[in-house]
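The chain contents come next:
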Amino acid sequence: MRNTDMSTLTSTPTTHRVSLPHLLHAEWIKAATVNATRWTTAVTLALAAFFAGTVLLVIGVAPLEGEDPSALILENFGERPALSVLSFTFAVVPALVALLGLLLVSGERGTGTLAVTLAAVPRRTPVLVAKLLLSAAAGFVVGLLAAGVTIAVVQPGLAGIGLGDGLWTAVGAQVVLGGAVSSAAIAVLGTALGSLFRNTAGAAGAVLSLLLIAPVILPMIPVIGSPLSQVLPTSAAAALSQPIDTVGGGTLLTGGLILAAWVAVSAVVATVLWKRRDI
Amino acid sequence: MIEVHHLTKRFDEATAVDDLTFTVRPGVVTGFLGPNGAGKTTTMRMIVGLARPTSGRVTVNGRSFAEHGAPLDELGVLLDAGNVHPGRSARAHLSALAATHGIGRRRVDEVLELTGIQEVAGRKAGKFSLGMRQRLGIAAALLGDPHTLILDEPINGLDPDGVIWVRTLLRRLAAEGRTVFLSSHLMSEMSLTADHLVIIGRGRMIADAPLADVIAATSHTTVRVRTPEPQRLATAVAATPGASATEVGGGTLEIAGADAAAVALLAAQAGIHLDELSTTGASLEDAYLSLTHSSLEYRSTTGA
């Protein structure tokens with residue numbers, strides 16, 4: 001048993017090197033090999049399917065009540081129901097992709113695995129950069145997938161009652177892409193904020209407070225509450241998945257800038273503290 | 001080679017590491033010894049860059065650790081075997097770490113085999129015993145085939161087989177010319193594994209010397225002898241270079257600097273009758289305790 005040890009102690013000379021592609025690969029392995037990330041992704045897509053499914057229910061149930069499903073859909077979802085349903089999807093996606101982004105860092109920090117990683121990459125900053133990039137990619141892809149699930153569920157039904165228009169247009173593409181981009185931004189925000197906390201519970205509490213509780217509480221504050229709630233990341237994210245020909249380019253631009261500011265500030269603060277603090 | 005220069009770490013009011021300077025050299029196993037809470041882990045965390053020194057600096061193989069392009073090839077680290085995600089398999093844990101340096105799958109298999117955990121590599125680390133986690137931690141430390149190894153209490157939780165395996169492994173790594181630095185709070189373990197000792201207490205340096213020197217300097221073997229003629233024997237002993245005798249009453253002498261055989265010979269030559277002759281030796285453990293006693297943070301005060 002021990003005979004083989006001598007040969008295996010000394011591996012063949014290679015060109016080991018820390019690089020951003022290597023770190024991205026490492027982060028991908030870590031993300032793909034724990035259940036929490038897989039479940040969060042699955043739940044996100046399942047919820048997208050569930051919300052889309054309720055629209056199908058309306059289409060299916062309305063005739064039994066003697067109502068015209070098209071009229072009901074038009075009344076509830078407007079003239080381009082597919083886009084409205086997508087906007088609903090993208091209202092649900094942020095909290096979940098933020099959780100996904102948070103898990104990319106919190107699971108590692110909370111379990112102490114981060115000490116192992118940073119002892120291997122003592123420069124530290126590239127590790128967080130890799131996490132933020134992976135988070136952006138994961139947020140974007142999950143956003144696209146959620147849109148795909150929504151469309152796959154809802155579009156055949158809508159087309160069946162003659163309301164399938166509006167999706168395969170430039171504005172439809174803008175809604176889907178806008179949603180995916182905002183989903184990427186929110187995921188990065190989740191990772192950046194998550195990196196500030198030593199345990200997953202604290203990180204999740206902070207991120208979900210910002211994304212789920214603040215939008216409810218803030219508008220209750222007199223006078224300043226309402227404008228303040230407009231600069232919340234969820235409000236900004238929601239703007240990006242609104243049809244541009246309905247809300248106007250200005251709304252999208254404002255939303256995009258606010259969201260970019262959230263991402264930039266949180267990423268910079270996270271990087272500074274990541275580099276400086278003891279692990 | 002690890003060079004520590006005037007390293008200090010303060011947490012708020014407490015000073016965990018106080019102006020430590022030492023060098024860990026290649027080719028030997030260096031033991032880092034001290035009671036729990038002495039600052040061993042904090043020192044190691046500063047060497048690796050996980051904690052920032054309040055002052056002082058550390059180089060690993062000639063450079064600041066973070067300046068190396070492939071840190072895993074320079075320094076393999078096991079700080080806490082519990083530092084694994086319980087839901088991730090041992091293989092995935094190692095693969096992710098290997099990926100940071102572009103280290104291939106073959107090397108992951110090699111270290112799994114080397115540490116004897118290849119059979120359980122697909123199992124979640126959360127299901128591992130502490131001994132298996134120590135092996136996984138050692139596997140991670142060996143991934144980059146590093147010149148230098150830092151291991152914090154690597155034998156904790158290992159079964160006797162595992163302890164011998166670690167000891168053999170570390171000695172062989174040192175024999176290959178690598179720098180091996182391991183901590184322990186157990187003197188007995190160090191006396192079996194280490195060639196050189198760095199002993200600290202309350203963050204301060206107590207000793208930095210070869211194992212043999214530490215033993216020689218701190219363990220006083222004395223010969224106890226009872227004789228009807230203590231005065232004559234004391235005189236005879238005093239005439240022997242390096243030896244000294246103290247009369248402790250009842251015709252008994254305690255002799256330092258000469259072993260029992262030498263004392264017996266001396267008595268025979270002088271025609272002195274001996275009633276009793278015995279050796280009382282302070283063990284290495286006693287030596288360690290006497291070294292670190294004054295520096296213990298918590299001391300049992302129950303009267304013995």
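Residues numbered from 1 in each chain as written. Chains lettered and ligands numbered in written order. Predicted model: local features only at pLDDT ≥ 70, side-chain atom pairs only at ≥ 80, totals over all residues. Heavy atoms only, no water.

**Let's talk about a negative patch on the surface**
Side chains of Glu65(A), Glu67(A), Asp68(A) and Glu75(A) sit close together on the surface and give a patch of like negative charge. Considering the arrangement of structural elements, one finds Asp68(A) in the loop between helix 3 (35-61) and helix 4 (69-77). (Patch = residues over 30% accessible without salt bridge, like charges linked within 9 Å, V, L, I, M, F, W, Y side chains within 5 Å. Areas by Shrake-Rupley, 256 points an atom, 1.4 Å probe, with all protein chains shown as cover. Salt bridge = Lys/Arg side-chain N within 4 Å of Asp/Glu carboxyl O. Lys, Arg positive; Asp, Glu negative; His and termini not counted. Charge placed at Lys NZ, Arg CZ, Asp CG, Glu CD. Helix = DSSP H or I, 4+ residues; strand = E, 2+ residues; numbered from the N terminus.)

**Considerations on the confidence of the model for chain B**
Reading predicted coordinates in detail is not appropriate for stretches of low pLDDT. Residue and element names in this part refer to chain B. Mean pLDDT over chain B stands at 88; residues scoring 70 or higher make up 91%. When mean pLDDT is taken per element in chain B, helix 3 (residues 90-99) scores highest with 97 and helix 11 (residues 284-292) scores lowest with 66. ipTM for the predicted complex: 0.87, alongside a pTM of 0.85. (pLDDT = per-residue confidence, 0-100.)

**With respect to the environment of Phe181(B)**
Residues and elements named next belong to chain B. By the secondary structure assignment, Phe181 is in strand 7 (residues 179-184). A C-alpha to C-alpha distance of 18 Å links Phe181 and Asp213, two positions 32 residues apart in sequence. The contact partners of Phe181, leaving out residues within four places of it in the chain, are Ile2, Phe22, Val24, Thr30, Phe32, Met44, Ile47, Leu149, Ile150 and Leu151. (Contact = heavy atoms within 4.5 Å.)

**Looking at the pattern of salt bridges**
Evaluation of the coordinates by the stated rule reveals 16 salt bridges over all chains. The salt bridge partner of Arg204(B) is Asp18(B), with a shortest N-O separation of 2.9 Å. Taken as a pair, Arg204(B) in strand 9 (residues 204-210) and Asp18(B) in strand 2 (residues 14-24) lie far apart in primary sequence, 186 residues in all. Given the relative accessible area of 23%, Asp18(B) is considered partly exposed. Taken together, the shared-partner salt bridges in this structure form one network comprising Glu27(A), Lys30(A), Glu108(A) and Lys131(A). (Buried < 20%, exposed > 50% of the residue type's maximum accessible area, 1.4 Å probe, protein only.)

**Observations regarding the interface of chain A and chain B**
Taken together, the 39 residues of chain A in the interface contact 46 residues of chain B. On inspection of chain A and its partner chain B, the count reaches 1 salt bridge. A salt bridge links Lys9(B) to Asp278(A); the nearest nitrogen and oxygen atoms lie 2.7 Å apart. Among the elements of the structure, helix 1 (5-9), helix 2 (20-32), helix 5 (81-111) and helix 6 (113-120) of chain A are those that each provide at least two residues to the side of chain A that touches chain B. The element best represented in the side of chain A that touches chain B is helix 6 of chain A, accounting for 7 residues.

**Quick notes on the nonpolar core**
One broad rule of soluble globular proteins: the nonpolar side chains tend to lie buried together. Counting 94 residues, the largest nonpolar core has Leu94(B), Phe181(B) and Leu197(B) as its most contacted members. Setting aside anything within four residues of it in sequence, one finds Leu94(B) in contact with Val108(B), Val111(B), Leu112(B), Leu136(B), Ala139(B), Ala140(B) and Leu143(B). Grouped together as the second largest cluster of nonpolar side chains are 46 residues, Ile59(A), Val85(A), Ile151(A) and Ala236(A) included. (Core = buried A, V, L, I, M, F, W, Y, C linked by side-chain atoms within 4.5 Å.)

**Here we look at the side chain of Thr227(B)**
Residue and element names in this part refer to chain B. Locating Thr227 in the fold gives a position in the loop between strand 10 (221-226) and helix 9 (230-238). Take Thr227: its relative accessible area is 3%, and that puts it in the buried class. Polar contacts involving the side chain of Thr227 include one to the main-chain amide nitrogen of Glu229, which spans 3.1 Å. What Thr227 contacts, discounting residues up to four positions off in sequence, is Leu233, Gly251, Ile272, His273, Leu274 and Asp275. (Polar contact = N/O pair within 3.5 Å; in protein donor to acceptor, adjacent residues only side chain to side chain.)

**Topic: the packing of aromatic side chains**
Evaluation of the coordinates by the stated rule reveals 5 aromatic pairs over all chains. Residues Phe77(A) and Phe88(A) carry aromatic rings whose centres are separated by 6.0 Å and whose planes lie at 85° to one another, so their mutual orientation is edge-to-face. Here Phe77(A), found in helix 4, pairs with Phe88(A), found in helix 5; they are 11 residues apart in sequence, far enough to count as distant. A relative accessible area of 15% means that Phe77(A) is categorised as buried. Taking the relative accessible area as the measure of exposure, Phe88(A) reaches 44% and is therefore partly exposed. Put simply, the rings of Phe22(B), Phe32(B) and Phe181(B) pair up and form one aromatic cluster. Arg135(B) extends its terminal NZ or CZ atom over the ring of Trp165(B), reaching a point 4.7 Å from the ring centre. (Phe/Tyr/Trp six-rings, centres within 6.5 Å; stacked < 30°, edge-to-face > 60°. Lys NZ or Arg CZ within 6 Å of the ring centre and 35° of its normal.)

**Brief notes about the sheet that holds strand 4 (residues 55-60) of chain B**
Residues and elements named next belong to chain B. If you trace the 3 strands from one edge of the open sheet to the other, you get 2-1-4, paired in antiparallel fashion. Of all strands in the sheet, those bounded by a partner on one side alone are strand 2 and strand 4. Neighbouring strand axes in the sheet, compared pairwise and without regard to direction, differ in orientation by 20° on average. In this sheet, strand 2 lies alongside strand 1 (residues 2-11) in antiparallel orientation, the contact comprising 7 bridges. Considered in strand 2, the bridge of Ile2 is made with Val24. Helix-sheet contacts for helix 1 (residues 40-48) involve strand 1, strand 2 and strand 4, and the interaxial angle to strand 1 is about 115°. (Pairing = 2+ DSSP bridges. Axes fitted to C-alpha atoms, helices over the stretch in contact; angles between N-to-C directions.)

**A word on the sheet that holds strand 5 (residues 75-78) of chain B**
Sheet strands pair via backbone hydrogen bonds, and the direction of the pair is either parallel or antiparallel. All names here are of chain B. Pairing in this open sheet of 6 strands is mixed, and the strands run 5-6-7-3-8-9 from one edge to the other. Each end of this open sheet is capped by a strand with a single partner; those strands are strand 5 and strand 9. Here the average twist between neighbouring strands, direction ignored, is 15°. Strand direction decides the pairing type here: strand 3 (residues 29-33) and strand 8 (residues 196-201), joined by 4 bridges, are parallel. For Phe32, the partnering residue across the bridge sits in strand 8 and is Val198. In the packing of helix 6 (residues 160-175) onto the sheet, the strands contacted are strand 3, strand 6 (148-152) and strand 7, and the crossing angle to strand 7 comes to about 150°.

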